[in-house]
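What the coordinates show
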Amino acid sequence: MQQFNELNLPQPLKQALETMKFETPTPIQAQAIPVALKGGDLVGIAQTGTGKTAAFGIPTIMRLMENPAATALILAPTRELAIQIEGVWRDLTRYMKDMRSAILVGGYSMRPQLQALRQKPRLIIATPGRLIDHLEQRTVNLATVAVLILDEADRMLDMGFAPQLNQIMRHVPKERQTMLFTATWEKETDALAKRYLNQPSRVAVASASKAADTVEQTAVETTVAKKNDTLLDEINRRAGTLLIFTRTKSRTDRVTKFLASYGLSVSRIHGGRSQAQRNAALAGFKSGQIRILVATDIAARGIDVTGIGHVINYDLPNVPEDYVHRIGRTGRAGASGSAVALVTPEERPLWRAITTLLQRGGSNAPKTVAAAAPSGLVRSAPLPQPSRAPQNRPRQYRNPQPQRHQRGEFTRDGRGGGGGGGSSSERKDRPAQSAVTSPRYWR
Ligand code: AMP
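The present account deals with the structure reproduced in this document. Keep in mind the model is a prediction, meaning the values are calculated, not measured.

Scanning the protein for helices and strands turns up 16 helices and 14 strands. Counting all 443 residues of the protein, 47% fall into the buried class. Long-range contacts, defined as pairs at least 24 residues apart, comprise 73% of the intrachain contacts of the protein with a sequence gap of at least 6.

Written out as structure tokens, the structure reads:
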């Protein structure tokens with residue numbers, strides 16, 4: 001679909017799009033709308049800002065126009081997103097009668113929500129927690145829901161809404177169209193889709209494929225067992241702030257602990273932390289008090305910190321576009337920055353997908369280097385140092401020993417692993433507070 005008029009849209013919708021000045025569909029709209037109009041389930045991989053609200057809004061409106069008894073339900077992780085969706089719904093339905101919506105979100109009084117529900121809305125936009133409140137009080141009935149949309153599903157899961165989603169699903173009819181939108185594709189989103197969607201079509205948009213030319217990109221080939229060593233080396237050879245991306249909340253926690261145990265100034269953000277904790281971590285990082293921030297993609301989405309020196313991809317993202325988003329955190333506004341990806345043999349297919357995307361987008365190709373030869377001299381001879389290792393000056397090392405510490409990468413389930421098979425935490429194998437430095441990296 002190149003143009004909205006190819007869709008034979010009803011007049012009031014056409015007129016609304018004109019008023020909204022939506023002339024040509026965005027890529028996610030062009031892909032998702034024709035598929036959704038056929039009535040099947042749909043997975044859309046797209047971030048906010050790509051036009052995804054109209055991508056699910058337009059087919060939903062068409063469905064509700066066809067069947068006056070049908071209603072729709074949109075679940076969103078936050079009230080801000082719910083309010084944003086309602087705004088788009090109002091715009092799209094401005095020339096229609098009887099397309100009222102009700103917004104059920106926490107943090108607002110129940111009374112106007114009850115009033116809106118009494119007016120028989122065709123669409124309910126809700127955050128999971130507040131919808132459950134209404135279900136428990138029997139103030140809402142979902143028996144007529146013909147279209148269900150899970151928006152920012154990855155974020156809902158990251159915020160721990162899986163049990164609420166399960167509960168809500170018991171109240172919606174089995175016969176329905178379900179659309180799931182997510183910015184990232186993880187095993188959790190995959191499991192959610194398998195559970196609640198019926199043979200969905202999948203559409204994805206590359207919202208970004210070009211990396212800033214000011215970012216110097218390097219892929220460091222390493223192994224699962226050596227990943228933590230490599231991370232420390234890469235940190236030690238750089239000056240300035242660092243943003244480190246990991247795949248999961250537990251890996252974020254583990255990497256943070258690991259770095260802190262080496263005296264590095266580090267904090268973390270992920271969806272499992274409270275808003276206050278996230279704000280504190282971000283404020284520390286912004287002010288320069290904290291040098292290293294470890295984050296998951298989802299938590300990092302809203303980070304607006306200028307002047308980040310380096311981005312390290314401790315884990316590669318599952319969706320190649322996320323790599324471009326990640327490294328876009330550095331090298332902003334013409335400033336130079338560097339991006340490092342730690343690539344294990346297992347991650348090579350992901351890395352190939354990323355480099356293909358970069359090539360297509362016309363970005364400079366990242367250079368690939370092997371991880372530094374294990375600086376075993378240093379690693380194996382932890383120095384009897386004071387607890388906090390100074391970050392910016394070379395350290396003498398002495399008395400090299402042949403044995404190395406086991407500092408494996410974390411296994412998928414978050415437990416320490418690798419590093420010669422030490423499945424117990426790497427901390428056991430390493431004297432506390434040792435400092436790892438490598439003279440060749442000091443600048
Ligand atoms: P969303 O990803 O749905 O939050 O949309 C992001 C922004 O794109 C919003 O400001 C929309 O108004 C705008 N937008 C969405 N679709 C179109 C379109 N087809 N043409 C122009 N602007 C659009």
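Continuing now.
Pairing is parallel in the open sheet, where seven strands are placed in the order β10-β11-β9-β12-β13-β8-β14. In this open sheet, the two strands that pair with only one neighbour each are β10 (266–269) and β14 (367–370). Across the sheet, the axes of successive neighbouring strands diverge by a mean angle of 20 degrees, strand direction being ignored. In the sheet, strand β8 (residues 215–221) pairs with strand β13 (residues 337–343) via seven bridges, with the strands oriented parallel. From the neighbouring strand, V220 faces β13, where its bridge partner is L342.

Attention shifts here to the nonpolar core. In this structure, A32, L73, I74, I125, A126 and L180 are the most contacted members of the largest nonpolar core, which totals 62 residues. If we skip the residues at most four places from it in the chain, L180 touches V43, L150, A153, L192, A193 and L197. Within the second largest apolar cluster, 43 residues are counted, among which are L293, A341, V343 and L350.

For the ligand, the full set of nearby residues is F22, P25, T26, Q29, T48, G49, T50, G51, K52, T53 and A54. It is helix α3 (residues 52–66) that contributes the most residues to the shell around the ligand, three residues altogether. For the shell around the ligand, a count of residues per class yields three nonpolar, seven polar and one charged.

Mapped onto the elements of the fold, G284 is located in helix α12 (residues 275–287). We classify G284 as partly exposed; it has 16 C-beta atoms within 10 Å. When the C-alpha atoms of G284 and S267 are compared, they prove to be 8.2 Å apart, with 17 residues separating the residues in sequence. Setting aside residues no more than four positions away along its own chain, G284 makes contact with S267, Q289 and I290.

Once that is clear, we can look at the environment of G106. Mapped onto the secondary structure, G106 falls in the loop between β3 (101–104) and α5 (110–118). By C-beta crowding, G106 is classed as partly exposed, having 14 other C-beta atoms within 10 Å. G106 has contacts with R79, T127, G129 and R130, leaving out every residue within four places of it along the chain.

As summarised here, the arrangement of the seven strands in space is β3-β4-β2-β5-β6-β1-β7, forming an open sheet in which the pairing is parallel. Looking at which strands have only one partner, the edges of the open sheet turn out to be β3 and β7 (201–204). Neighbour to neighbour, the strand axes of the sheet diverge by 15 degrees on average, direction disregarded. Of the pairings in the sheet, the one linking β3 to strand β4 (residues 123–126) comprises four bridges and is parallel in character. Each bridged residue has a counterpart across the sheet, and for L104 the counterpart in β4 is A126.

Time to look at unusual backbone geometry. Note: most peptide bonds trans; most residues except glycine with negative phi. Phi is positive for R138, which is not a glycine, with a value near 55 degrees. Look at E152: it is not a glycine, yet its phi comes out positive at around 50 degrees. Tracing the backbone shows E152 in the loop between β5 (145–150) and α7 (153–158). Using a count of 24 C-beta atoms within 10 Å as the deciding quantity, one classes E152 as buried.

Rules and cut-offs
Residues numbered from 1 in each chain as written. Predicted model: local features only at pLDDT ≥ 70, side-chain atom pairs only at ≥ 80, totals over all residues. Helix = DSSP H or I, 4+ residues; strand = E, 2+ residues; numbered from the N terminus. Buried ≥ 20, exposed ≤ 12 C-beta atoms within 10 Å, placed from the backbone. Contact = placed C-beta atoms within 7 Å. Pairing = 2+ DSSP bridges. Axes fitted to C-alpha atoms, helices over the stretch in contact; angles between N-to-C directions. Core = buried A, V, L, I, M, F, W, Y, C linked by C-beta atoms within 7 Å. Near = placed C-beta within 6 Å. Nonpolar A, V, L, I, M, F, W, Y, C, P; charged D, E, K, R; others polar.

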